[in-house]
Amino acid sequence: LDGSITGFNSEIILIKFDNNGNQIFLKQRKNPGSNKSAYANDLKLAPDSIYVTGSCHNNVLRAKYDNNGNELWAKELGSNESEEALALTFDEDN
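S.K.: Give a description of the environment of T53 that names residues and reports values.
M.R.: With respect to the helices, strands and loops of the structure, T53 is situated in strand β4 (residues 49-56). Taking relative accessible area as the criterion, T53 reaches 2% and is therefore assigned buried. Put simply, T53 and N41 are 12 residues apart on the chain and 6.0 Å apart in space, counted from C-alpha to C-alpha. Among the polar contacts listed, one links the side chain of T53 to the backbone oxygen of L61, at a separation of 2.9 Å.

Next comes the structure, spelled out in structure tokens:
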């Protein structure tokens, strides 16, 4: 990584590099006001977007980013129990 990043124990970090290993962007999805961790378990690349899944606030997290790392949407699903998603898959329609 270029530079230094601190305080990301409850954040998801999305980093994109070019073919030469140069950093194109670094985006952080913050988990504000919470001592619960947020983490990604899987990501999938589509032609125009990046999909991420994992856990945030002990709920399943699904998020979609554009190819520049801008979050388009994020959704949490869960109950009173601790939950997480481990993997993503696409069907023919994405």
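From this point, the narrative continues.
S.K.: Tell me about the nonpolar core, residues and numbers included.
M.R.: Across soluble globular proteins, you tend to see nonpolar side chains buried next to one another. Core analysis: the biggest nonpolar cluster contains 6 residues, these being L14, F25, I50, V52, A63 and Y65. Counting residues per element, the ones that place at least two in this core are β4 and β5 (59-66). Apart from residues no more than four positions distant in its own chain, A63 is found in contact with I50, Y51, V52, W73 and A74.

S.K.: I'd like a description of the sheet that holds strand β6 (residues 71-77), backed by residues and values.
M.R.: Strand order in the open sheet formed by 4 strands is β3-β4-β5-β6, with antiparallel pairing between adjacent strands. What marks the edges here is a single partner per strand, and that holds for β3 (38-46) and β6. Taken pair by pair, the neighbouring strands of this sheet meet at an average axis angle of 15°, ignoring direction.

S.K.: Give a detailed account of the pairing of strand β2 (residues 23-29), specifying residues and quantitative values.
M.R.: Both strand β1 (residues 12-17) and β2 contribute to a ladder of 6 bridges, which runs antiparallel. Residue pairing across strands places F17 opposite Q23, the latter belonging to β2. Connecting β1 to the antiparallel partner β2 that follows it, the hairpin turn spans 5 residues, and G21 within it adopts a positive phi of roughly 85°.

S.K.: Go over the environment of L26 with me, naming the residues and quoting the values.
M.R.: Mapped onto the secondary structure, L26 falls in strand β2. The spatial distance from the C-alpha of L26 to the C-alpha of I13 is 6.9 Å, given a sequence separation of 13 residues.

S.K.: Give me the lowdown on the confidence of the model for the chain, citing residues and values where you can.
M.R.: Per-residue pLDDT for the chain has a mean of 77; in total, 79% of the residues score no lower than 70. In this model, residues 1-8 is a region of pLDDT below 50 whose contacts with residues beyond four sequence positions or in other chains number 10 contacts.

S.K.: If you had to explain the pairing of β4 to someone new, which residues and values would you point to?
M.R.: The buried fraction of β4 amounts to 8 of the 8 residues, a majority that puts the element mostly inside the structure. What you see with β4 is no split at all: S49, Y51, T53 and S55 on one side and I50, V52, G54 and C56 on the other are buried throughout. Bridging between β3 and β4 involves 8 bridges; their strand directions are antiparallel. Opposite Y39, over in β4, you have S55 as the bridge partner. Linkage of β3 to β4, two consecutive antiparallel strands, is achieved through a turn of 2 residues. The antiparallel pairing of β4 with β5 creates a hairpin that spans 2 residues between the two strands, and H57 there sits at a positive phi of about 55°.

Here is what the cut-offs are and how they apply
- Residues numbered from 1 in each chain as written.
- Predicted model: local features only at pLDDT ≥ 70, side-chain atom pairs only at ≥ 80, totals over all residues.
- Heavy atoms only, no water.
- Helix = DSSP H or I, 4+ residues; strand = E, 2+ residues; numbered from the N terminus.
- Buried < 20%, exposed > 50% of the residue type's maximum accessible area, 1.4 Å probe, protein only.
- Polar contact = N/O pair within 3.5 Å; in protein donor to acceptor, adjacent residues only side chain to side chain.
- Core = buried A, V, L, I, M, F, W, Y, C linked by side-chain atoms within 4.5 Å.
- Contact = heavy atoms within 4.5 Å.
- Pairing = 2+ DSSP bridges.
- Axes fitted to C-alpha atoms, helices over the stretch in contact; angles between N-to-C directions.
- pLDDT = per-residue confidence, 0-100.

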